[in-house]
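This is what each chain is made of:
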Amino acid sequence: MRVSEFWRAVDQVFGEAYGAVVARDVVLEDLGGRSAADAIAAGIDTRTVWDALCDSQDVPLDRRHGKGLIDPPN
């Protein structure tokens, strides 16, 4: 998962306004007490960050996979 895909997934799952707050303010113990934004800045794999963020917010598995990808052109 690329960083741009991570941020697109955050917007898709949590909403554009709330997603930024979640990524910046939620402390993820699985990532050493960092926020998702801090974890990415520290170089932690974005898929790992995405999974930890989703786990912390009880995002169902069916809303996680494939998020952040751009829809293919017709």
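**Student:** Any chance you could break down the overall build of the protein for me, citing the residues and the numbers?
**Tutor:** The secondary structure content of the protein amounts to 4 helices and 0 strands. The helix and strand sequence of the protein, counted from the amino end, reads α-α-α-α. Compactness check: the protein gives a C-alpha radius of gyration of 12 Å against a globular reference of 11 Å for 74 residues, within 12% of the reference. Taken along the three principal axes of its C-alpha coordinates, the protein extends 40 × 25 × 20 Å. Counting all 74 residues of the protein, 32% fall into the buried class.

**Student:** How would you summarise the side chain of T46 if you had to cite specific residues and measurements?
**Tutor:** Counting through the fold element by element, T46 comes out in helix 4 (residues 46–56). By relative accessible area, which is 6% here, T46 ends up buried. Setting aside its immediate chain neighbours within four residues, T46 contacts M1, R2, V3, F6 and I40.

**Student:** Account for the nonpolar core, naming residues and giving values.
**Tutor:** F6, F14, A36, V49, W50 and L53 are the most contacted members of the largest nonpolar core, which totals 18 residues. At the level of secondary structure, the elements contributing two or more residues to this core comprise helix 1 (3–14), helix 2 (16–25), helix 3 (36–41) and helix 4. Each residue touching F14, except ones within four places of it in the same chain, is listed here: G19, V22, W50, L53, Q57 and V59.

**Student:** A description of the packing of helix 1 against helix 2 should follow, citing residues and the corresponding values.
**Tutor:** Packing of helix 1 against helix 2 leaves a shortest axis separation of 7 Å and a crossing angle of 120°. Relative to helix 2, the element helix 1 lies oblique. Crossing angle aside, the handedness with which helix 1 passes helix 2 is right-handed. Taken together, the residues of helix 2 that come into contact with helix 1 (itself represented by W7, V10, D11 and F14) are E16, Y18, G19, A20, V22 and A23.

Calculation notes
- The residue count restarts for each chain, going from 1 along the sequence in the order it is written.
- Predicted model: local features are reported for residues with pLDDT of at least 70 only, side-chain atom pairs are reported and counted for 80 or more only, and whole-chain, interface and lining totals are derived from all residues.
- With hydrogens and water excluded, all non-hydrogen atoms of the structure serve as input to the side-chain values.
- Only DSSP runs of H or I with at least four residues qualify as helices, and only runs of E with at least two residues qualify as strands; both kinds are numbered from the N terminus onward.
- Our radius of gyration is a C-alpha quantity, and the globule rule it is checked against amounts to 2.2 Å times the number of residues to the power 0.38.
- The cut-offs for exposure are 20% and 50% of the maximum accessible area for each residue type, with area from a 1.4 Å probe on protein chains only; residues under the lower value are buried, those over the upper are exposed, and the others partly exposed.
- Any two residues whose heavy atoms approach within 4.5 Å at even a single point are treated as in contact.
- Residues enter a nonpolar core if they are buried and are Ala, Val, Leu, Ile, Met, Phe, Trp, Tyr or Cys, with the set joined through side-chain atoms within 4.5 Å.
- Under this scheme, a helix contributes an axis fitted over its contacting stretch, all axes are lines through C-alpha atoms, and angles between N-to-C directions fall in the 0 to 180 degree range.
- Each angle is binned into one of four classes, with values under 35 degrees roughly parallel, values over 145 roughly antiparallel, values of 65 to 115 roughly perpendicular, and all other values oblique.
- By convention the crossing between two helices is left-handed if the near helix lies anticlockwise of the far one by an angle smaller than a right angle, and right-handed if it lies clockwise.

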